[in-house]
Amino acid sequence: LRIYRNYFKTTKQNLLINFLNSFMNKTILEPSREIEVIKETDVLVIGSGPGGLPAALSAARAGVEVTLVERFGCFGGNLTVVGVEGMHWYRHEETVESDGICREFEEKAIEMGAAVPESQSLSHEIDSEGFKLVADQLVSDEANLYPMLHRSFVAPVMEGDTIKGIITESKSGREAILAKRVIDATGDADVTFRAGGLCHKTPTEEMMAASVMFHVAGVNKTKFIEGVKSDPQTYSDWSGGGEWNIETSGKEDEMFSPFLKKPFEKAIKDGLIPPHLNTIAGTWGAIHDSGELTYMNLIHLDGCDGTDADSLTDYEIEGRKQVRLAIEALRNYTPGCKDIRLRNFGMSIGIRDTRKVECLYDMTESDVRNQGRFDDSIGIFPEFIDGYGILILPTTGRYFQIPYRNIVPKKIKHLLVSGRSTGGDRISHAATRNMACCAVSGQGAGIAAAISVKLNKDLLDLDPVLIQKELKKQGARYW
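Residues numbered from 1 in each chain as written. Predicted model: local features only at pLDDT ≥ 70, side-chain atom pairs only at ≥ 80, totals over all residues. Heavy atoms only, no water.

**Describing the overall build of the chain**
Let me state the cut-off plainly: Helix and strand labels come from DSSP, where a helix needs a run of H or I of at least four residues and a strand needs a run of E of at least two; each type is numbered from the N terminus. Restricting the calculation to C-alpha atoms gives the radius of gyration, and the globule rule supplies 2.2 Å times the number of residues raised to the power 0.38. Whether two residues are in contact is decided by their heavy atoms: any pair within 4.5 Å suffices. Residue-level accessible areas treat just the shown protein chains as cover; the underlying method is Shrake-Rupley with a 1.4 Å probe. In summary, the charge assignment counts Lys and Arg as positive and Asp and Glu as negative, without counting His or the chain termini. Working definition for charges: the position is that of NZ of Lys, CZ of Arg, CG of Asp or CD of Glu.
From N to C terminus, the chain includes 14 helices and 23 strands. The C-alpha radius of gyration of the chain comes to 23 Å, within 12% of the 23 Å expected for a compact globule of 479 residues. Across the chain, contacts joining residues at least 24 apart in sequence account for 70% of those joining residues at least 6 apart. Accessible surface, the chain: about 20100 Å² in total, of which carbon and sulfur atoms supply 49%. Charged side chains of the chain number 55 positive and 67 negative; the gap between the two group centres comes to 4 Å.

**Considering the environment of Pro258**
Short version of the rule: Accessible area is worked out with a 1.4 Å probe on protein chains only. A residue is then buried under 20% of its type maximum, exposed over 50%, and partly exposed in between.
As for its placement among the helices and strands, Pro258 is situated in the loop between α8 (221-230) and β12 (259-260). According to the relative accessible area criterion, Pro258 is buried, its value standing at 1%. Pro258 sits 158 residues away from Gly100 along the chain, and the two C-alpha atoms are 28 Å apart. When neighbours within four sequence positions are excluded, Pro258 is seen to be in contact with Ser119, Gln120, Gly282, Thr283 and Trp284.

**Some words on the packing of helix α3 (residues 53-61) against helix α5 (residues 101-111)**
As a reminder of what qualifies: To get an axis, a line is fitted to the C-alpha atoms, and for a helix only the part in contact is used. The angle between two axes follows their N-to-C directions and goes from 0 to 180 degrees. We call two directions roughly parallel when the angle between them is under 35 degrees, roughly antiparallel when it is over 145, roughly perpendicular when it lies between 65 and 115, and oblique otherwise. Amino acids outside the nonpolar list (Ala, Val, Leu, Ile, Met, Phe, Trp, Tyr, Cys, Pro) and the charged list (Asp, Glu, Lys, Arg) are all regarded as polar, and Gly is one of them.
At their nearest, the axes of α3 and α5 sit 10 Å apart, and the two run at 105 degrees to each other. Here α5 runs roughly perpendicular to α3, going by the angle between their axes. Contacts between α3 and α5 involve Leu53, Pro54, Leu57, Ser58 and Arg61 from the former and Ile101, Glu104 and Phe105 from the latter. The residue inventory of the contact of α3 with α5, partitioned by class, reads five nonpolar, one polar and two charged.

**A closer look at the nonpolar core**
For clarity, the cut-off: Among buried residues, those of type Ala, Val, Leu, Ile, Met, Phe, Trp, Tyr and Cys that are joined through side-chain atoms within 4.5 Å constitute a nonpolar core.
Val43, Val45, Leu53, Val66, Tyr404, Leu416 and Ile467 are the most contacted members of the largest nonpolar core, which has 82 residues in total. The element contributing the most residues to this core is helix α13 (residues 435-455), with 12 residues. Setting aside residues up to four positions removed in sequence, Ile467 forms contacts with Ile378, Tyr404, Gly444, Ile447, Ala448, Ile451 and Leu462. Listed in part, the 31 residues of the second largest apolar core include Val212, Phe214, Leu277 and Leu301.

**What about the packing of aromatic side chains?**
Keep this limit in mind: What counts as a ring pair is set by centres within 6.5 Å for rings of Phe, Tyr and Trp (its six-membered ring), and what kind of pair is set by the plane angle: stacked under 30 degrees, edge-to-face over 60, tilted for all other angles. Only Lys NZ and Arg CZ are tested; either one counts as a charge over a ring when it is within 6 Å of the ring centre and within 35 degrees of the ring normal.
Scanning all chains against the criterion turns up 11 aromatic pairs. Taking the centre distance of 5.2 Å and the plane angle of 70 degrees together, the rings of Phe105 and Phe131 count as edge-to-face. One end of the pair, Phe105, is in helix α5; the other, Phe131, is in helix α6 (residues 130-140), with 26 residues separating them in the sequence. Residue class for Phe105 comes out buried when judged on its relative accessible area of 2%. Accessibility expressed as a relative area gives 1% for Phe131, which makes it buried. An aromatic cluster is built from Trp89, Tyr90, Phe381, Phe384 and Phe400, whose rings are joined through pairwise contacts. The residue whose ring lies beneath Lys39 is Tyr146, and the NZ or CZ to ring-centre distance is 4.3 Å. Residue placement shows Lys472 over the ring face of Trp479; its charged tip is 6.0 Å from the ring centre.

**Points about the environment of Gln322**
Selection criterion: Whenever a nitrogen or oxygen atom comes within 3.5 Å of another N or O atom, the pair is scored as a polar contact, on the condition that within protein one atom can donate a hydrogen and the other can accept it, and that pairs from neighbouring residues in sequence are kept only if both atoms are in side chains.
Looking at the element boundaries, Gln322 is found in helix α10 (residues 309-333). In this structure, Gln322 is in contact with Leu277, Ile280, Ile299 and Leu301, ignoring residues within four places of it in sequence. At a separation of 2.8 Å, a polar atom in the side chain of Gln322 contacts the side chain of Glu318.

**Some thoughts on α13**
The criterion, for reference: Multiply 1.5 Å by the residue count of a helix minus one, and that product is the helix's expected span.
Taking 1.5 Å of rise per residue, 21 residues should cover 30 Å, and α13 covers 30 Å from first to last C-alpha, within 8% of that figure. Taken across its 21 residues, α13 has 19 buried, putting it largely inside the fold. A positive phi of about 55 degrees marks Asn456, the residue just after α13.

**Observations regarding unusual backbone geometry**
The backbone phi angle of Asp99 is positive, close to 60 degrees, even though this residue is not glycine. Residue placement: Asp99 occurs in the loop between α4 (78-82) and α5. With a phi angle near 55 degrees, Gln371 is a residue other than glycine that sits in the positive phi range.

**Examining the pattern of salt bridges**
What counts is decided by this rule: When a carboxyl oxygen of Asp or Glu lies within 4 Å of a side-chain nitrogen of Lys or Arg, that pair is called a salt bridge.
Under the definition given, this model contains 29 salt bridges. Among the ionic pairs, Glu97 bridges to Arg91, the shortest N-O distance being 2.7 Å. Each member of the pair, Glu97 as well as Arg91, carries the same accessibility label: buried. Several salt bridges share partner residues, and in doing so they unite Glu30, Arg33, Glu169 and Arg174 into one network.

**Observations concerning the sheet that holds strand β14 (residues 286-287)**
Working definition: the strands of a sheet are paired by backbone hydrogen bonds and lie parallel or antiparallel to each other. The following threshold applies: Paired strands are those between which DSSP finds at least two bridges.
Strands sit in the order β14-β15-β11-β17 across an open sheet of four strands; the sheet is antiparallel. On the outer flanks of this sheet lie β14 and β17 (341-345), each paired with one strand and no other. The pairing of strand β11 (residues 214-217) with β17 spans four bridges and is antiparallel. Counterpart to Phe214 in the pairing with β17 is Phe345. Docked against the sheet, α10 engages β11, β15 (293-296) and β17, running at close to 145 degrees with respect to β17.

**Some words on empty space enclosed by the protein**
Selection rule: A cavity, in this analysis, means grid points on a 1 Å lattice covering only the protein atoms where a 1.4 Å probe fits yet has no way out; a pocket is instead an open set bounded by protein on both sides within 12 Å along at least five of seven lines, and a residue lines either one if it has an atom within 4 Å of a point. Grid points are joined across faces, edges and corners, and a volume is the space filled by probe spheres set on the points.
As enumerated under the stated definition, the model contains two cavities of 30 Å³ or more in all. Taken as a whole, the largest cavity holds about 50 Å³ of empty space. Considering the residues around the largest cavity, the lining is formed by Ser98, Asp99, Ile101, Cys102, Ile378, Gly379, Ala439, Val440, Gln443, Leu471, Ala476 and Arg477. Secondary structure elements with two or more residues in the lining of the largest cavity: α5, β19 (377-382) and α13. Here the lining of the largest cavity is composed, by residue class, of seven nonpolar, three polar and two charged. Estimates place the volume of the second largest cavity at around 30 Å³. Lining the second largest cavity we find Ile402, Asn406, Gly419, Thr422, Thr432, Cys437 and Ser441.

**A few points about the pairing of strand β8 (residues 173-184)**
Pairing geometry for strand β1 (residues 37-46) and β8, over eight bridges, is parallel. The residue bridging Val43 from the neighbouring strand is Arg181, located in β8. Pairing of strand β7 (residues 162-170) with β8, which is carried by six bridges, proceeds in the antiparallel orientation. The residue of β8 that forms the bridge with Gly165 is Leu178. Counted along the chain from β7 to the antiparallel partner β8, the turn is two residues long. In terms of strand pairing, β8 meets strand β23 (residues 415-417) through three bridges, oriented parallel. Paired with Asp184 across the two strands is Val417, which belongs to β23.

Below you can see the structure in the form of structure tokens.
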């Protein structure tokens, strides 16, 4: 059958090919076709989340033409699409910040009335809906930044081992976008992986849990706060088995945490929640005068593979089912929550862990725990580790640097990577995956791509000092 199929391929007899395929692997032959090139640009950024939006903004501010491709109808990714509103919830008095665009996100949100004080830190919780307007404004303010929403990345356009652009799919059909430099900010390394770059994926059973975020309304703020004060929770309360078995450095243990676990333990004891769902627990972000309790990070789903559409489907549905149970438990066992109702879900499930790109330098546990320093630094990040059962908060002024080599993938030319898929080991990923750190790598990637285009130099040949000068000009700290 295979011999006959290959023969018919050469004679373009598609009907016969499809007939033979029906007896083999249930595949079809997609006819070759010409795809219109709708855009040529200097720098192309795929994905507008915490790693992508800063990349696009910084490249535009560095003086090149930028195209930003996003599959959803808004910019912001994890912040707007998933609903993770606590971008800087690690901030305390001694925290040394990276500044730059990630700090600008918070300040712009405050200015536009899209942020409120966060409950456990010296930061502001950024409203996931309001930030859509903030991001629109930031993009609109850059004259040489061309936004393209509602377009999904399909495939890279390759010339040997050099990426020349991408193909997208949308209501407009298949379209091609060509670029001098490309930044993969998809979070799952989709571009790098499909371009033939070197990636590895965490085994599904070892991945950090996925989350379905939600917000509720109808809270009696006075009663809720009284309940929190009568039984204050600390980070030491996160320990206790399963998902909530947390290693700290000790200094975090007595610090206040907006942690909710007891309502769900009571619900399990009373038969309201099945015993196997003892992973329902977590934190809330802010309680509003309007009676809204936002950034409910309570649903944690082990075994979700963010690169598998069937897995995503199953866990989206399961996550919403668990939210219904969580809300019922809050109504019954949490002061001030008797009359709450679901306000909204995030538009998509939140994924923390899938593919990581093998870069010229991959971050290590030692780097993020022991203040790693690099001559080619493109940004700093506080000593904040959150994941794989570890929580370390940056309360003592310690921080690590991120080297330029960490955003340069092996094997593929003209490509940079930013966000949570940058190269690193397990524990370093628990630091670099955080949204503010994704913004650091994103800003560095955008500037590097812009300089590479302006000087017509290969990404491998860039002088890091040039990147650092532009970072300083843009208000970002790299030292």
